[in-house]
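Spelled out, the chains give:
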Amino acid sequence: MVQEKYQVKLTSEEKRHLRKVIRSGRSSAQANARARVLLKLDEGWTAPQVASAMEVTERTVFRIKRRYVEEGLEETLHRRNQLNRHRKVDERVEAHLIALACSESPEGHDHWTLRLLAGKTVELGLVESLSHETVRLHLKKTRSSRGRSSSGAFPR
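Residues numbered from 1 in each chain as written. Predicted model: local features only at pLDDT ≥ 70, side-chain atom pairs only at ≥ 80, totals over all residues. Heavy atoms only, no water.

Colleague: What am I meant to see in the overall build of the protein chain here?
Modeller: If you tally the helices and strands in the protein chain, you get 8 helices and 0 strands. Within the span of the protein chain, comprising 156 residues, buried residues form 31% of the whole. Looking at the protein chain alone, contacts between residues at least 24 apart form 49% of all its contacts between residues at least 6 apart. In the form shown here, the protein chain has an accessible surface area of approximately 11300 Å², with 48% of it arising from carbon and sulfur atoms. (Helix = DSSP H or I, 4+ residues; strand = E, 2+ residues; numbered from the N terminus. Buried < 20%, exposed > 50% of the residue type's maximum accessible area, 1.4 Å probe, protein only. Contact = heavy atoms within 4.5 Å. Areas by Shrake-Rupley, 256 points an atom, 1.4 Å probe, with all protein chains shown as cover.)

Structural data, given as structure tokens:
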């Protein structure tokens with residue numbers, strides 16, 4: 001028999017906590033599902049059995065097992081913060097983007113398009129790559145609009 005890398009061995013206190021999570025109805029559906037997966041794994045179910053019973057993929061079961069072993073129960077149940085998430089557009093790039101959107105449109109164009117703004121931002125060397133959707137989200141956040149006579153970069 002092959003020894004699995006990640007084995008779920010819950011303490012009685014952890015089992016009690018997981019059952020409370022499931023019964024309370026106050027946790028997210030994801031936390032509830034993860035709690036059920038952990039309880040099944042502790043009962044000795046295999047990953048394929050749990051995946052089939054819980055209607056999730058085996059990969060999801062393995063991720064839950066790994067996260068429990070490496071990070072603990074609370075981190076497994078609840079979403080982790082995405083502190084390491086790299087953002088392409090910081091405050092400096094956003095300021096350049098707004099200033100660019102408020103400036104005159106390039107020759108041959110009536111107004112700035114999202115794709116033109118993304119391309120110009122890359123061309124200026126502010127970022128390596130940038131999608132038009134990212135530009136849209138940042139302009140929306142500042143209430144900027146390329147179509148109005150007033151850009152809206154500075155809310156009234």
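Still to come is the rest of the account.
Colleague: I'm lost on the environment of Ala95 in this one. Help?
Modeller: Take Ala95: it is sitting in helix H6 (residues 91-102). Given the relative accessible area of 46%, Ala95 is considered partly exposed. Expressed as a C-alpha distance, the spacing of Ala95 and His138, which sit 43 residues apart in the sequence, is 9.9 Å.

Colleague: Mind showing me how you'd approach the pattern of salt bridges here?
Modeller: One side chain can pair with another of opposite charge once the charged atoms of both are near each other. Taken as a whole and judged by the stated rule, the model has 7 salt bridges. Across the pair Arg66 and Glu70 runs a salt bridge, and its minimum N-O distance is 3.6 Å. With a gap of 4 residues between them, Arg66 and Glu70 both fall in helix H4 (residues 58-71), about one helical turn apart. Using a relative accessible area of 28% as the deciding quantity, one classes Arg66 as partly exposed. (Salt bridge = Lys/Arg side-chain N within 4 Å of Asp/Glu carboxyl O.)

Colleague: Would you explain the nonpolar core in this entry?
Modeller: One recurring pattern in soluble globular proteins is that nonpolar side chains are buried together. Core analysis: the biggest nonpolar cluster contains 18 residues, and Leu18, Leu38 and Val61 have the highest contact counts within it. Elements supplying a minimum of two residues to this core: helix H1 (12-24), helix H2 (29-42), helix H3 (47-54), H4 and helix H5 (73-77). Broken down by element, the residue count for this core peaks at 5 residues, all from H2. Residues in contact with Leu38, not counting those within four places in the same chain, are Val8, Leu10, Leu18, Ile64, Tyr68, Leu73 and Thr76. (Core = buried A, V, L, I, M, F, W, Y, C linked by side-chain atoms within 4.5 Å.)

Colleague: Is there a simple way to think about the environment of Leu18 in this case?
Modeller: Position of Leu18 relative to the elements: it lies in helix H1. Using a relative accessible area of 0% as the deciding quantity, one classes Leu18 as buried. With residues up to four places along the chain from it excluded, the contact list for Leu18 reads Leu10, Ala35, Leu38, Leu39, Leu73 and Leu77.

Colleague: Explain the packing of H6 against helix H7 (residues 114-123) to me, please; I cannot follow it from the model alone.
Modeller: When two helices pack together, you describe them by how their axes are tilted relative to each other and by the distance separating the axes. Where H6 meets H7, the axes come as close as 10 Å, and the angle between the chain directions of the two elements is 125°. Judged on the interaxial angle alone, H7 and H6 are oblique. Where H6 crosses over H7, the handedness of that crossing is right-handed. Contact with H6, carried on its side by Val93, Leu97, Leu100 and Ala101, involves Leu117, Lys120 and Thr121 of H7 and no other residues of that element. Residue composition of the contact of H6 with H7, by class: 5 nonpolar, 1 polar and 1 charged. (Axes fitted to C-alpha atoms, helices over the stretch in contact; angles between N-to-C directions. Parallel < 35°, antiparallel > 145°, perpendicular 65-115°, else oblique. Left-handed = near helix turned anticlockwise from the far one by under 90°. Nonpolar A, V, L, I, M, F, W, Y, C, P; charged D, E, K, R; others polar.)

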